[in-house]
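Now for the letters of each chain:
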2 protein chains.
Amino acid sequence: MRADAKKNYEHILAVAGTVATIDGAGASLRDIARRAGVGLGTLYRHFPTREALLEALLRASFDALTVKAGELETAHAIDEALVSWLRDVVACARNYKGVITAMMAAMEDTNSALHASCVSMRTAGSRLLTRAQSEGVARSDMDGEDLFSLAAALAWLGDQPSSAPRAEHLFSLIASAILTNRGSSDPSRTPGPSASR
Amino acid sequence: MRADAKKNYEHILAVAGTVATIDGAGASLRDIARRAGVGLGTLYRHFPTREALLEALLRASFDALTVKAGELETAHAIDEALVSWLRDVVACARNYKGVITAMMAAMEDTNSALHASCVSMRTAGSRLLTRAQSEGVARSDMDGEDLFSLAAALAWLGDQPSSAPRAEHLFSLIASAILTNRGSSDPSRTPGPSASR
DNA sequence: ACCTGAACACCGTTCAAGT
DNA sequence: ACCTGAACACCGTTCAAGT
């Protein structure tokens, strides 16, 4: 890439981040080009689709989440690891309002620039879930797709004015649906159905 | 209202229902007017905002849900009543793709034509939840706003291609987060923490 | 009273023309 | 190689002019 082109690329990306932080993932591309001081064609040359632009904006966060999932796989308390990762996914998706909808659409669209990132995130989460299930701390009747869907739902709720203030509480509600250890603080974390007797 | 105006009103509403069923709640108003064979101004005269049009399309369903909540309040099995009502709310919101987002926005916007309908639906649900809580079958750390938010999240998941096929399962996951009776089939439905011993 | 459609200010996307 | 911006086909919304 030529030096001037690279400079344009970086500058458009920076401006796009600023604008999308305010206007969300559906921000006007014309507006971004205008504020970046480039022609519309230049923006399209570097980012042929809106998804490509979003992917560039979020790549670093996506990678961090995938890496973190890998690290957490060997965590001592796998239930806490799972919840912590879920929280980070939700927080990441909330960087740009409405981006979670694009991510969900990308899951089914192999041509989307967001497809690979989203699928690998989901896969990383699946492994965490599987480990939690094998230790009996996560409910067994769900899979990685369900986990990602629940994270997406929470991110969406965080985008809605009427539920955003309660986002934390809604997170804990859904987290408790995923985790098996219903009792408050149970020192003996043993798998299997609850009843002892 | 003059007879010809009323005829226009009804016809626009019918066409809008058809178009919104296909294109969702964000369907082009121009397209609706075109297909209805009226001028754009006529559509705006009868429905000054998109929300007004959606409200007219959904009013009957909204009313039915509020009425049903009232009936269910005296139901024998209040837990089943709550879940049944929740299912109907989700199904209603799924009539038009994306309408749940408009409904969530309307909750905070007293000027929205959807505001009253949505608030009264939420209030009706709150009463069902409160009864379920007083019988110890619903978790006590949530309120009507949480309930509506969870219903909205489920409706949204139903709109997303990647989660729509699993909508039923996701519903049961979240329903089980709301209900207290975790054990499979427990004939003695008594409140309080699970462990017997 | 009610209806029409042009007008305005926006979009996303493409592509011939420039450097 | 890369950039520009006009052109095209769409929006939502308003409002003067018609019946």
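Residues numbered from 1 in each chain as written. Chains lettered and ligands numbered in written order. Predicted model: local features only at pLDDT ≥ 70, side-chain atom pairs only at ≥ 80, totals over all residues. Heavy atoms only, no water.

1. Focus: the overall build of chain A
Rules: Each helix is a run of DSSP H or I of at least 4 residues and each strand a run of E of at least 2, with the numbering of both proceeding from the N terminus. Contacts are assigned to residue pairs that have any heavy atoms within 4.5 Å of one another. For accessible areas, the Shrake-Rupley method is used with a probe of radius 1.4 Å. Any residue's cover is judged against the shown protein chains and nothing else. Residues scored as positive are Lys and Arg, those scored as negative are Asp and Glu, and His as well as the terminal groups of each chain are ignored. For this purpose, a charge sits on NZ of Lys, CZ of Arg, CG of Asp or CD of Glu.
Along the backbone of chain A there are nine helices and zero strands. Listing each helix as α and each strand as β along chain A from the N terminus yields α-α-α-α-α-α-α-α-α. Once the C-alpha set of chain A is aligned to its principal axes, its extents read approximately 75 × 35 × 25 Å. Here the analysis covers contacts within chain A between residues at least 6 apart in sequence; of these, 67% occur between residues at least 24 apart. Total accessible area on chain A is roughly 9,600 Å²; 52% of this is exposed by carbon and sulfur atoms. Considering chain A, the positive charge centre built from 21 side chains and the negative charge centre built from 22 side chains are found 6 Å apart.

2. Details of the protein's contact with DNA strand D
To be explicit about the condition: To be near a molecule or strand, a residue needs just one of its heavy atoms within 4 Å of it. Any N or O atom pair separated by 3.5 Å or less is treated as a polar contact, with the protein-specific requirement of one donor-capable and one acceptor-capable atom, and with residues adjacent in sequence counted only for side-chain atom pairs. Residues are grouped as follows: nonpolar covers Ala, Val, Leu, Ile, Met, Phe, Trp, Tyr, Cys and Pro; charged covers Asp, Glu, Lys and Arg; every other residue, Gly included, is treated as polar.
The full set close to DNA strand D counts 23 residues, and Asn8(A), Gly39(A), Thr42(A), Arg30(B) and Arg50(B) are the nearest of them. Considering the 4 Å shell around the protein, atoms of DNA strand D inside it are sugar or phosphate in 61% of instances. Contact between DNA strand D and Arg30(B): a base nitrogen at 2.4 Å from a side-chain N or O atom of the residue. For the surface near DNA strand D, the element with the highest residue contribution is helix α3 (residues 40-46) of chain A, accounting for five residues. For the surface near DNA strand D, the residue count by class is eight nonpolar, eight polar and seven charged.

3. Quick notes on the pattern of salt bridges
Basically, it comes down to this: The term salt bridge refers to a pairing of a side-chain nitrogen on Lys or Arg with a carboxyl oxygen on Asp or Glu at a separation within 4 Å. Summary of the burial criterion: residues with accessible area below 20% of their type's maximum are buried, those above 50% are exposed, and those between are partly exposed, where the area comes from a 1.4 Å probe applied to protein chains only.
Applying the stated criterion to the full structure yields 24 salt bridges over all chains. In this structure, Glu168(A) engages Arg87(A) in a salt bridge whose closest nitrogen and oxygen atoms are separated by 3.2 Å. Of this pair, Glu168(A) sits in helix α9 (residues 167-178) while Arg87(A) sits in helix α5 (residues 78-93), placing them 81 residues apart in sequence. For Glu168(A), a relative accessible area of 55% gives the class exposed. Classification of Arg87(A) by relative accessible area gives partly exposed; the value is 36%. Residue Asp141(B) pairs with Arg139(B) through a salt bridge whose shortest N-O separation is 2.7 Å.

4. Side note on the layout of surface pockets
If a probe the size of a water molecule is rolled over the atoms, the empty space left behind becomes visible. Using the following cut-off: A cavity here means a set of points on a 1 Å grid, drawn over the protein atoms and nothing else, where a 1.4 Å probe fits but cannot get out; a pocket is an open set with protein on both sides within 12 Å along at least five of seven lines, and a residue lines either one if it has an atom within 4 Å of a point. Grid points are joined across faces, edges and corners, and a volume is the space filled by probe spheres set on the points.
By volume, the second largest pocket is sized at about 200 Å³. The residue makeup of the lining of the second largest pocket, split by class, is two nonpolar, four polar and two charged.

5. So, the interface of chain B and chain A
Rules: Once two parts are joined, some of their accessible surface, as seen by a 1.4 Å probe, is lost; buried area is that loss totalled over both.
Counting residues at the interface gives 32 residues for chain B, matched by 31 residues for chain A. Surface buried jointly by chain B and chain A totals about 2,900 Å² across both partners, of which 59% is contributed by carbon and sulfur atoms. One salt bridge connects Asp143(A) with Arg166(B), and the closest N-O pair in it is separated by 2.7 Å. On the surface where chain B and chain A come into contact, there are 12 residue pairs in polar contact (both at pLDDT 80 or more). Going through the elements one at a time, α6 (99-108), α8 (144-159) and α9 (167-178) of chain B are the ones with two or more residues in the side of chain B that touches chain A. Looking at the side of chain B that touches chain A element by element, the count peaks at eight residues for α8(B). The class makeup of the residues in the side of chain B that touches chain A is 15 nonpolar, eight polar and nine charged.

6. Some thoughts on the relation of the copies chain B and chain A
Note the cut-off: For this overlay, a least-squares fit was computed on C-alpha atoms, restricted to residues scoring pLDDT of at least 70 in both copies.
Expressed as a screw transformation, the operator carrying chain B onto chain A has a rotation angle of 180° and an axial translation of 0.0 Å, and the superposed copies differ by an RMSD of 0.0 Å. The superposition operator between the copies reduces to a two-fold rotation axis. The share of interface residues of chain B whose copies in chain A are also at the interface is 94%, consistent with both copies meeting through the same surface.

7. Remarks on the packing of helix α4 (residues 50-72) of chain A against α5(A)
Residues and elements named next belong to chain A. The test is simple: Between the N-to-C directions of two axes lies an angle of 0 to 180 degrees, each axis being a line fitted to C-alpha atoms and, for a helix, fitted only over the stretch in contact. Throughout this description, any angle smaller than 35 degrees is read as roughly parallel, any larger than 145 degrees as roughly antiparallel, any in the 65 to 115 degree range as roughly perpendicular, and the remainder as oblique.
The contact between α4 and α5 brings their axes to 10 Å, and the two run at 175°. Overall, the two elements α4 and α5 adopt an arrangement that is roughly antiparallel. Along its contact with α4, which presents Leu58, Ser61, Phe62, Leu65, Lys68, Ala69 and Leu72, the element α5 presents Ile78, Ala81, Ser84, Trp85, Asp88, Val89 and Cys92. Along the lines of polarity and charge, the residues of the contact of α4 with α5 split into 10 nonpolar, two polar and two charged.

8. Points about the nonpolar core
We apply this condition: By convention a nonpolar core is built from buried Ala, Val, Leu, Ile, Met, Phe, Trp, Tyr and Cys residues, the set being connected through side-chain atoms within 4.5 Å.
Ranked by size, the top nonpolar core spans 143 residues in total, and within it Ile32(A), Leu82(A), Ile32(B) and Leu82(B) carry the most contacts. Beyond its immediate sequence surroundings of up to four residues, Ile32(A) is in contact with Ile12(A), Val15(A), Ala16(A), Val19(A), Ala27(A), Leu43(A) and Leu53(A).

9. Regarding the protein's contact with DNA strand C
With respect to spatial proximity, 23 residues lie near DNA strand C, and among them Arg30(A), Arg50(A), Asn8(B), Gly39(B) and Thr42(B) are the closest. Counting only the atoms of DNA strand C within 4 Å of the protein, the fraction contributed by sugar and phosphate is 60%. The separation between a phosphate oxygen of DNA strand C and a polar main-chain atom of Arg2(B) is 3.0 Å. Looking at the surface near DNA strand C element by element, the count peaks at five residues for helix α3 (residues 40-46) of chain B. Residues belonging to the surface near DNA strand C are distributed by class as follows: eight nonpolar, eight polar and seven charged.

10. Points about the confidence of the model for chain A
The predicted coordinates ought not to be read in detail in places where the model reports low pLDDT. This is how the line gets drawn: Confidence per residue, as judged by the predictor, is encoded in pLDDT with a range of 0 to 100.
With 91% of its residues at a pLDDT of 70 or more, chain A has an overall mean of 92. Scored below 50 in pLDDT, residues 183-197 of chain A makes seven contacts in the model with residues more than four places away or belonging to other chains.

11. Some points on the environment of His169(A)
Residue placement: His169(A) occurs in helix α9. Separated by 138 residues in the primary sequence, His169(A) and Asp31(A) place their C-alpha atoms 36 Å from one another. Those residues in contact with His169(A), other than ones at most four positions away along the chain, are Asp141(B), Met142(B) and Asp146(B).

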